[in-house]
Amino acid sequence: MGKRISLTVDERVILNLMEFTHHEEDFEAPEGTTQGGIAEGIGIARKHVPRDVNKLNQENLVRSRVSHVKGAKQRKKVYHLSMRGKELGRKIWETLGKKEVVLRSEDGTDTRMTVSELCFTHQVGRSPVQIILDLQDGNVYCPSKACPRPAEEY
């Protein structure tokens, strides 16, 4: 099927934040826009998030603000994509969404489809970044084996 699909950390951050674009102006920001939420969403250790989002901020792809966060006792720094970040996110998704993967059902049946079809048609309940992180060799996705993973060190 070809080379295993992978994303850089920057691409993962951008795609993760794309999930929250409709919350940019909300009074309370979702946990997924905080450093801890980003780390969990993209599978890295929380201590690496500031370095990555600061780099994206310097490139005018991400902006930050302090906001109330749902369920938190105090305000936190949250991150959102800038217009440039959203444009880049759409380009990344456009490329990623066309890549072919295999959905392996519990009975062992394999179905070839694009990442876009897997994410939106089959409603696997995982973000595109989480799906890419859970791909096995041969770009095979097994929903029954996909589970939260500990943050990776890189």
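The text that follows walks through the structure, step by step, so that each part is easy to find.

Calculation notes
Residues numbered from 1 in each chain as written. Predicted model: local features only at pLDDT ≥ 70, side-chain atom pairs only at ≥ 80, totals over all residues. Heavy atoms only, no water. Pairing = 2+ DSSP bridges. Helix = DSSP H or I, 4+ residues; strand = E, 2+ residues; numbered from the N terminus. Contact = heavy atoms within 4.5 Å. Axes fitted to C-alpha atoms, helices over the stretch in contact; angles between N-to-C directions. Salt bridge = Lys/Arg side-chain N within 4 Å of Asp/Glu carboxyl O. Buried < 20%, exposed > 50% of the residue type's maximum accessible area, 1.4 Å probe, protein only.

**Regarding the pairing of strand 2 (residues 62-69)**
Of the strand pairs in this sheet, strand 1 (residues 28-29) and strand 2 are connected by two bridges, and their pairing is parallel. Within strand 2, the position partnered with Glu 28 by the bridge is His 68. In the sheet, strand 2 pairs with strand 3 (residues 76-81) via six bridges, with the strands oriented antiparallel. Directly across from Arg 63, in strand 3, lies its bridge partner His 80.

**Describing the sheet that holds strand 3**
An order of 1-2-3 is seen for the three strands of this open sheet, with the pairing classed as mixed. Unpaired on one side and paired on the other, strand 1 and strand 3 mark the two borders of the sheet. Sheet contacts for helix 1 (residues 9-18): strand 2 and strand 3; angle to strand 3, the most-contacted strand, approximately 95 degrees.

**Looking at the pattern of salt bridges**
For the structure shown, the criterion picks out seven salt bridges. Between Asp 10 and Lys 55 there is a salt bridge; the shortest N-O distance is 2.3 Å. In this pair, Asp 10 sits in helix 1 while Lys 55 sits in helix 3 (residues 49-58), placing the two residues 45 residues apart along the sequence. Overall, Lys 55 belongs to the partly exposed group, its relative accessible area being 36%. Among the charged side chains, a network of salt bridges with common partners joins Glu 24, Arg 63 and Lys 86.

**A few points about the side chain of His 80**
Tracing the backbone shows His 80 in strand 3. Note on His 80: relative accessible area 2%, which makes it buried. Not counting residues up to four positions away in its chain, the partners in contact with His 80 are Leu 17, Phe 20, His 23, Glu 24, Thr 33, Leu 61, Val 62, Arg 63 and Arg 65.

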